[in-house]
Each structure stands twice: as structure tokens, then as C-alpha cells.
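So you can see what is in the structure, the chains are spelled out below.
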Amino acid sequence: MSTDRGNPWKRLGTGPLIAPSLLACDFARAGEQIDAVLAAGAGVLHIDVMDGHFVPNLSMGPPVVRKLRAYTDAPLDVHIMVTDPAYYIERFAEAGADSITFHIEATDEPAKLAARLCELGLGAGITLRPGTEASALDGVIEAVDLVLVMTVEPGYGGQKFMPQMLEKIAVLRGKMRDDQRLEVDGGIDAATACLCADRGADVFVAGESIFGSKNIAAAVNDLRASAGGSGAS
Ligand code: DX5
Ligand code: ZN
């Protein structure tokens, strides 16, 4: 179990983090592209797990995380879009995840799952679909390290950012401690990252805007420049 690595959200301190979503990378050149985003200053790698049930798409499983773990020491931020998070938390912990984010819609026992992640020494993240109210996290929000606000419907990369989610970001940030991270995921580019940062987001997942760019390093840099919000530059 990857307990000796520690909870990345406690290790990485404060300040905005860029989390490239490997769903959008060129898998035939994954190592090279991972090196490029990390050299450009990406703080964590985001891994999207889709089971074909919770979302109508399939992606990566524990063997992929195991290979990534062997390749890099960068924190692996695993977003599990699955109907059975309790089962898969164990599988992805064994495979070497550093933090696991599960969906509130997929469990009746969110506090128990957060406690289990804590017991495993992993970062504990919780997330919600665009249609789920911020209040759905009441009672569990204080038990997690990270809240992920989905800014598109989960299941596919390359979708358009939903501006209606900006208010949810602000509402949730208002309920969180300073030592908790607020992550956004879906349609994030330099422009939308800035809008989210202004509402209190501090971890920015980006797939297409990084890996769809001709210059991956420049795309990471552009995002970092926007991730401090409109007051930053
Ligand atoms: C969607 C995933 C996202 C996705 C983001 O279900 O959770 O992480 O890969 O991709 P972009 O940045 O292309 O919207
Ligand atoms: Zn994701």
C-alpha cells in the first residue's frame, strides 16, 4: 500500500496546481508527454477512471495506475467515475494512487469512504456532477482534503465548460477550510481557469487545452499564469 508517500494535498503546500488529465494524452507517447508537463511545472497528474456504468464510457484501470506509479514520483490524482467506489478505492490504493476522488452520487456512505482514504494515508477527494446541488456535500465536506467541482458532465474529455458551475465553486469554497483544496475539471483552459480561480478554485484539471495543444509546455505555463485569478498579473 502506498502509505509511505503521504497525502499529496498536505505535502504540496498552498498555491495553485495544474493537473493535466492523462485521458487526453497521446498514449503512444505517454512517457514523453508526462515528462513535458512535469518539466513545465504541473503539480499532479489527473487520472480519469470510467467504468461504463456510472458514466457511459470506459477508460483506465488499476494496471495503468501501476505502470504510471513505476514511471513517475509525481502525485497521482485518481478521479473514479464508478458505481462501486468502496471496491475501487482499495484497488487503486494498491496500484499506487496518491489521492482518490469519488462521486457523492455513487455512495450512501461518503464519510466512511473518506475515513478509509485517510486510514490508507491517501488524499481524500469528493466530487459532484453538474446537476448535484452543493448542499449534497453537507456533513462530509469537512472530512475530505479536496472537493472537485465537475464543470462538465463526467464521462468525456473535450467538452465545453459550464459557466453555471461558477456559483457552485464559490458556494463550496465558502464552506471549506483554507487547508482544503478545491479542484475544477472539465473545459478548463486559461480563460475558464481564471474565472474559477476568482471563485476560489486552486487545482485545475486540464485535458484538451494541454494535450490538444501543439506546445504542451506553453499550455501548462498559460494555465499557471491564469490559475492565480484575475488579480494575479
Ligand atoms: C471528464 C473528466 C475530465 C476530462 C477533462 O469526465 O473527469 O478529467 O478528462 O478533459 P478536458 O480538460 O478536455 O475537458
Ligand atoms: Zn477528471
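Structure: above.
Please read all numbers here as calculations on a predicted model, not as lab measurements. (Residues numbered from 1 in each chain as written. Chains lettered and ligands numbered in written order. Predicted model: local features only at pLDDT ≥ 70, side-chain atom pairs only at ≥ 80, totals over all residues. Heavy atoms only, no water.)

Notes on the site of ligand 1
Here comes step 1: Ligand 1 sits among 20 residues. The nearest are Asp48, Gly155, Asp185, Gly187 and Gly207.
Here comes step 2: Measuring from an oxygen atom of ligand 1, one finds a backbone N or O atom of Gly158 at 2.8 Å.
Here comes step 3: Interatomic distance of 2.7 Å between a backbone N/O atom of Gly207 and an oxygen atom of ligand 1.
Here comes step 4: Elements that contribute at least two residues to the shell around ligand 1 include exactly strand 2 (45-50), strand 3 (76-81) and strand 8 (203-206). (Near = heavy atom within 4 Å. Polar contact = N/O pair within 3.5 Å; in protein donor to acceptor, adjacent residues only side chain to side chain. Helix = DSSP H or I, 4+ residues; strand = E, 2+ residues; numbered from the N terminus.)

Structural notes on the coordination of the zinc ion (ligand 2)
Here comes step 1: Taken together, the protein donors to the zinc ion (ligand 2) comprise His46 (NE2), Asp48 (OD), His79 (ND1) and Asp185 (OD), at separations of 2.0 to 2.3 Å.
Here comes step 2: Angles of 67 to 165 degrees at the metal separate the six donor atoms of the zinc ion (ligand 2), which places the site in the octahedral class.
Here comes step 3: Within one chain, the residues serving as donors to the zinc ion (ligand 2) are arranged as H-x1-D-x30-H-x105-D. On the criterion of sequence distance, the pair formed by Asp48 in strand 2 and Asp185 in strand 7 (residues 181-185) is long-range, its members being 137 residues apart.
Here comes step 4: Judged by relative accessible area, Asp48 falls into the buried class, the value being 4%. (Donors = N, O, S within 2.8 Å, 3.2 Å for Na, K, Ca; no water. Tetrahedral: all angles 85-135°; square planar, octahedral: opposite > 155°, others 65-115°. Buried < 20%, exposed > 50% of the residue type's maximum accessible area, 1.4 Å probe, protein only.)

Description of the side chain of Glu183
Here comes step 1: Note on placement: Glu183 falls in strand 7.
Here comes step 2: Summary of buried charges: Glu183 has no salt-bridge partner, and the nearest side chain of opposite charge, Arg181, is 9.0 Å away. (Lys, Arg positive; Asp, Glu negative; His and termini not counted. Salt bridge = Lys/Arg side-chain N within 4 Å of Asp/Glu carboxyl O.)

Things to note about the side chain of Asp145
Here comes step 1: By secondary structure assignment, the location of Asp145 is in the loop between strand 5 (123-128) and strand 6 (146-150).
Here comes step 2: Judged by its relative accessible area of 15%, Asp145 falls in the buried class.
Here comes step 3: A distance of 2.9 Å separates the side chain of Asp145 from the side chain of Asn7, its partner in a polar contact.
Here comes step 4: With sequence-adjacent residues up to four places away left out, Asp145 is seen in contact with Asn7, Trp9, Lys10, Leu122, Gly123, Ala124, Gln180 and Arg181. (Contact = heavy atoms within 4.5 Å.)

Some thoughts on the pairing of strand 2
Here comes step 1: Burial runs high along strand 2: six of the six residues are buried.
Here comes step 2: What you see with strand 2 is no split at all: Leu45, Ile47 and Val49 on one side and His46, Asp48 and Met50 on the other are buried throughout.
Here comes step 3: Where strand 2 meets strand 3, six bridges bridge the pair, whose relative direction is parallel. In the strand pairing of strand 3, Leu45 is matched with Leu76.
Here comes step 4: The parallel pair strand 2 and strand 3, bridged by helix 3 (residues 62-71), forms a crossover whose chirality is right-handed. (Pairing = 2+ DSSP bridges. Right-handed = clockwise from strand over helix to strand, strands pointing away.)

Structural notes on the environment of Ala219
Here comes step 1: Mapped onto the fold, Ala219 is located in helix 9 (residues 216-226).
Here comes step 2: On the basis of relative accessibility, which here comes to 8%, the residue Ala219 falls in the buried class.
Here comes step 3: C-alpha separation for the pair Ala219 and Gln180, spaced 39 residues apart in sequence, amounts to 26 Å.
Here comes step 4: Among all residues touching Ala219, those that are not within four sequence positions of it are Ser209, Ile210 and Ser213.

Observations concerning the nonpolar core
Here comes step 1: Membership of the largest hydrophobic core comes to 64 residues, with the highest contact counts inside it found for Phe204 and Ile210.
Here comes step 2: Among residues more than four places away in sequence, those in contact with Phe204 are Pro16, Leu17, Ile18, Ala19, Val184, Ile188, Ala193, Cys196, Ala197 and Ala227.
Here comes step 3: Counting 10 residues, the second largest nonpolar core, distinct from the first, contains Ala19, Leu146, Met150 and Val152. (Core = buried A, V, L, I, M, F, W, Y, C linked by side-chain atoms within 4.5 Å.)

Notes on the pattern of salt bridges
Pairing between side chains becomes possible if they bear opposite charge and their charged atoms approach one another.
Here comes step 1: In total, this model carries 13 salt bridges according to the counting rule given.
Here comes step 2: Between Glu90 and Arg116 there is a salt bridge, and its shortest N-O distance comes to 2.7 Å. On the criterion of sequence distance, the pair formed by Glu90 in helix 4 (residues 85-95) and Arg116 in helix 5 (residues 110-119) is long-range, its members being 26 residues apart.
Here comes step 3: The salt bridge involving Glu109 is made with Lys112; its shortest N-O contact spans 3.7 Å.
Here comes step 4: You can call Glu109 partly exposed: its relative accessible area is 42%.

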